[in-house]
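Report on the structure
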Amino acid sequence: MVRGTSAAPTSPKSKLLDRKSRQGKGRGLPKKGGAGGKGVWGRSGEVYGPEQVDEKDPNYDETQENCVYETVVPPLNERDFEKTVTPIVQEYFEHGDTNEVTELLKGLNLGTMRSEVPSLAVSLALEAKASQRELTSRLLSDLCGPVLSHSDLENSFDKLLRELPDLVLDTPGAPQLVGQFIARAVSDQILSEGYIEGYKGRVDCEYARAALDRAAVLLKMSLGGLRIDNQWGTGGGQRPVMQLIKEMSLLLKEYIVSGDCKEAERCLKDLEVPHFHHEFVYKAIVMALESKGDKTFNMVLQLLKSISASSVITVDQMRRGYMRVYMDIAEINIDVPRAYFLLEQFVDQSLSRGIIDVKLRDVCPCRGRKRFVSEGDGGLVKL
């Protein structure tokens, strides 16, 4: 039996890892005051002063003594300009933050291509929606000063007027739209009031003349109270809910008069509120229930069928519209006594035309018919 000892085992490895001086000198403190070791820059809290230049260093170069290093961004050429700026403008149409666009353009060395920014933005806006044209007008107003000068804007609109014959090929209404941009720029005071006057008597292109005439007419109408600062309208998501409801009701009334499904679809798209299409479905069904006769009833079914087939209104929005009618049918029945019966007919017709599915049809509320006790039943209630 081997008795254990209290002394720690010794081995050559433990001696190699020992941090004490092997010569028996010193006080047993860590080397370099704890500032040494692998991957250690120095003692914690130590502040380094400026490094002294050693003139005897073989790599010393006297010419680099007072050099200042800066990041140099090469200027954009015509080929890279459109590839770089176009995504910035298209993203701006989604988020609408002019400050972000300003910072991105400041980070680019536009050079001589600075005056091309407004013409590129307007060219993209010509094929966009009305709300995005409004965003473009705001962008030009906010860029004037931090990024663009007044002369840059004038040169840009001069280029747009020269390129109108080409722009008309893709956008037939380009002269009128460019004229509205010019009028808005003059109203925002980023173009001089004499810009249009400077073209009088020296315009040969009929499209440029039409654009300038449009701008002059709008500016003259502004003196009578027309607000040019909101000529493009407001985007769908920024409109008040009551205004959207009124526009949808007016749209349905115009459709009942004209019977043009394609025009109704186009007007619904122009509202730019795909998240609010359930209100359109709700209004259409209520109009069909309140109508007198089968004409409006069938026309509403035809409209919902056309819009559903073209995917202008999604399945979810269509379902939400029907469910809202189901929830409000008790109140609708107060004004329309046959509302339950008409709603059952409307839902059955919607199912047969493929507007809704069977599940949505099965949850349609129905009002039970009252059965009274008659004398010949012997006092029994009819089941």
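Described in the following lines is the structure provided in the data block. All of these numbers come straight from a predicted model, not from anything done at the bench.

As for the state of the cysteines
Under the definition given, this model contains zero disulfides. C364 takes part in no disulfide bond, and the closest cysteine sulfur, belonging to C366, lies 7.2 Å away.

Some words on the packing of helix α13 (residues 294-309) against helix α15 (residues 339-352)
For any two helices packed against each other, one specifies the crossing angle of their axes together with the interaxial distance. Two elements in contact, α13 and α15, have axes separated by 11 Å at closest approach and are oriented at 35°. Relative to α15, the crossing made by α13 is right-handed. Residues F297, V300, L301 and L304 of α13 touch α15, and the partners they reach there are L342, Q345, F346, Q349 and S350. Residues of the contact of α13 with α15, tallied by class, amount to six nonpolar, three polar and no charged.

Brief notes about the nonpolar core
Residues F157, L161 and I182 are the most contacted members of the largest nonpolar core, which totals 51 residues. When residues of this core are traced back to their parent elements, those giving at least two are α2 (78-95), α3 (98-106), α4 (116-126), α5 (130-143), α6 (150-162), α7 (164-170), α8 (174-187) and α9 (206-222). Not counting the four nearest positions on each side in its chain, F157 is found in contact with L140, F181, I182, A185, L191 and Y195. One finds Y282, L289, F297 and L301 within the second-largest nonpolar core, a separate group that totals 49 residues.

A few points about the packing of helix α10 (residues 241-258) against α13
Contact geometry for α10 and α13: axes closest at 10 Å, N-to-C directions at 110°. By the angle class used here, α10 and α13 are roughly perpendicular. Of the two elements, α10 crosses α13, and the hand of that crossing is right-handed. Side by side, α10 and α13 meet where L252, Y255 and I256 of the first sit next to T296, M299, V300, Q302 and L303 of the second.

Notes on helix α12 (residues 277-290)
Taking 1.5 Å of rise per residue, 14 residues should cover 20 Å, and α12 covers 20 Å from first to last C-alpha, within 8% of that figure. Taking burial as the measure, the 14 residues of α12 include 12 buried ones, the bulk of the element. Of the residues making up α12, those classed as buried are H277, H278, E279, F280, V281, Y282, A284, I285, V286, M287, A288 and L289. As for α12, its buried residues are in contact with α10, α11 (261-270), α13, α14 (315-335) and α15.

Notes on a negative patch on the surface
There is a patch of like negative charges on the surface, built from D54, E55, D57, D61, E62 and E65. By the secondary structure assignment, E62 is in the loop between α1 (12-16) and α2.

Thoughts on the side chain of Q317
With respect to the helices, strands and loops of the structure, Q317 is situated in helix α14. Of the residues examined, Q317 reaches a relative accessible area of 6% and is grouped as buried. Separated by 2.9 Å, the side chain of Q317 and the backbone nitrogen of H278 make a polar contact. In this structure Q317 touches P274, H275, F276, H277, H278 and V281, once residues within four positions along its chain are discounted.

Some remarks on the pattern of salt bridges
The final tally for this structure, using the stated rule, is 10 salt bridges. We note a salt bridge from E134 to R138, for which the minimum N-O separation is 3.2 Å. Here E134 pairs with R138, and both are found in helix α5, just four residues apart, close to one helical turn. Its salt-bridge partner being K159, residue E163 comes within 3.8 Å of it at the nearest N-O pair. Residue classification places K159 among the partly exposed residues on the basis of a relative accessible area of 21%. Several salt bridges share partner residues, and in doing so they unite E134, R138, R184 and D188 into one network.

Conventions used here
Residues numbered from 1 in each chain as written. Predicted model: local features only at pLDDT ≥ 70, side-chain atom pairs only at ≥ 80, totals over all residues. Heavy atoms only, no water. Disulfide = S-S within 2.5 Å. Axes fitted to C-alpha atoms, helices over the stretch in contact; angles between N-to-C directions. Helix = DSSP H or I, 4+ residues; strand = E, 2+ residues; numbered from the N terminus. Left-handed = near helix turned anticlockwise from the far one by under 90°. Contact = heavy atoms within 4.5 Å. Nonpolar A, V, L, I, M, F, W, Y, C, P; charged D, E, K, R; others polar. Core = buried A, V, L, I, M, F, W, Y, C linked by side-chain atoms within 4.5 Å. Buried < 20%, exposed > 50% of the residue type's maximum accessible area, 1.4 Å probe, protein only. Parallel < 35°, antiparallel > 145°, perpendicular 65-115°, else oblique. Expected span 1.5 Å × (residues − 1). Patch = residues over 30% accessible without salt bridge, like charges linked within 9 Å, V, L, I, M, F, W, Y side chains within 5 Å. Areas by Shrake-Rupley, 256 points an atom, 1.4 Å probe, with all protein chains shown as cover. Salt bridge = Lys/Arg side-chain N within 4 Å of Asp/Glu carboxyl O. Lys, Arg positive; Asp, Glu negative; His and termini not counted. Charge placed at Lys NZ, Arg CZ, Asp CG, Glu CD. Polar contact = N/O pair within 3.5 Å; in protein donor to acceptor, adjacent residues only side chain to side chain.

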